[in-house]
Amino acid sequence: VLASVAFLFDTGRTALVCVILEALVVVLLRARDVISPPLTVTRVDLSGKVAIVTGGYSGVGKETARVLAEWNATVILACRDIERAAKMADHLHSKLSEQSSGKIIAW
């Protein structure tokens, strides 16, 4: 694309630079996919497993608890404020899919 636009205006160095830049962009994009392939997460069945998650109110702890329960684990939210943990457990349990048999317990 850059090279064809450059040829309209100039047939000299500008076109050559555009062709080289296009080739470089293509190489870099392909190298990015080889060096860092897209992340894929495989669903794991954690039925019968118990996970204790600290800091389950928000952030990484909340998301960890949700995913573990989604994968059928029994998740215990180990938190200092039991009322806040109970609210979060109810909230997370309502977000689980119908296929999930995971449980979230406030402790």
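Attention in this report is confined to the structure presented alongside it. (Residues numbered from 1 in each chain as written. Predicted model: local features only at pLDDT ≥ 70, side-chain atom pairs only at ≥ 80, totals over all residues. Heavy atoms only, no water.)

## Describing the nonpolar core
Working step 1: Ranked by internal contacts, the top residues of the largest apolar core, which has 18 residues, are Val53, Ala65, Leu68, Val75, Leu77 and Ile104.
Working step 2: Counting residues per element, the ones that place at least two in this core are strand 1 (50-54), helix 3 (59-70), strand 2 (74-78) and helix 4 (82-95).
Working step 3: With 4 residues, the top contributor of residues to this core is helix 4.
Working step 4: Not counting residues up to four positions away in its chain, the partners in contact with Leu68 are Leu46, Ala51, Val53, Ala73 and Val75. (Core = buried A, V, L, I, M, F, W, Y, C linked by side-chain atoms within 4.5 Å. Buried < 20%, exposed > 50% of the residue type's maximum accessible area, 1.4 Å probe, protein only. Helix = DSSP H or I, 4+ residues; strand = E, 2+ residues; numbered from the N terminus. Contact = heavy atoms within 4.5 Å.)

## Side note on helix 4
Working step 1: The end-to-end C-alpha separation of helix 4 is 20 Å, in line with the 20 Å expected for 14 residues at 1.5 Å each.
Working step 2: Looking at the buried positions of helix 4, the neighbouring elements they touch are helix 3, strand 2 and strand 3 (103-106).
Working step 3: Put simply, Asp81 is the residue that caps the front of helix 4, since its side-chain oxygen is 3.3 Å from the backbone nitrogen of Glu83. (Expected span 1.5 Å × (residues − 1). Polar contact = N/O pair within 3.5 Å; in protein donor to acceptor, adjacent residues only side chain to side chain.)

## Quick word on the packing of helix 3 against helix 4
Working step 1: Relative to each other, helix 3 and helix 4 sit at 45 degrees, their axes nearing to 10 Å. Taken together, helix 3 and helix 4 sit at an angle that is classed as oblique. The hand of the helix 3/helix 4 crossing is right-handed. Each of Lys62, Ala65, Arg66 and Glu70 in helix 3 lies in contact with helix 4, whose residues at this interface are Met88, His91, Leu92 and Lys95.
Working step 2: Within the contact of helix 3 with helix 4, the residues separate by chemical class into 3 nonpolar, 1 polar and 4 charged. (Axes fitted to C-alpha atoms, helices over the stretch in contact; angles between N-to-C directions. Parallel < 35°, antiparallel > 145°, perpendicular 65-115°, else oblique. Left-handed = near helix turned anticlockwise from the far one by under 90°. Nonpolar A, V, L, I, M, F, W, Y, C, P; charged D, E, K, R; others polar.)

## Overview of the environment of Glu63
Working step 1: With respect to the secondary-structure elements, Glu63 resides in helix 3.
Working step 2: Measuring from C-alpha to C-alpha, the distance between Glu63 and Leu92 comes to 9.1 Å, with 29 residues separating the pair along the chain.
Working step 3: A polar contact of 2.5 Å, which involves the side chain of Glu63, links it to the side chain of Arg66.

## A few points about the pattern of salt bridges
Working step 1: One pass over the structure, following the stated rule, counts 1 salt bridge.
Working step 2: The shortest N-O distance in the salt bridge between Glu63 and Arg66 comes to 2.5 Å. Of this pair, Glu63 and Arg66 are both found in helix 3, 3 residues apart, which corresponds to roughly one turn of the helix.
Working step 3: For Glu63, a relative accessible area of 40% translates into the label partly exposed. (Salt bridge = Lys/Arg side-chain N within 4 Å of Asp/Glu carboxyl O.)

## Details of unusual backbone geometry
Working step 1: Unusually for a residue other than glycine, Asn72 sits at a positive phi of about 75 degrees.
Working step 2: Among the structural elements, Asn72 can be located in the loop between helix 3 and strand 2.
Working step 3: Note on Asn72: relative accessible area 14%, which makes it buried.

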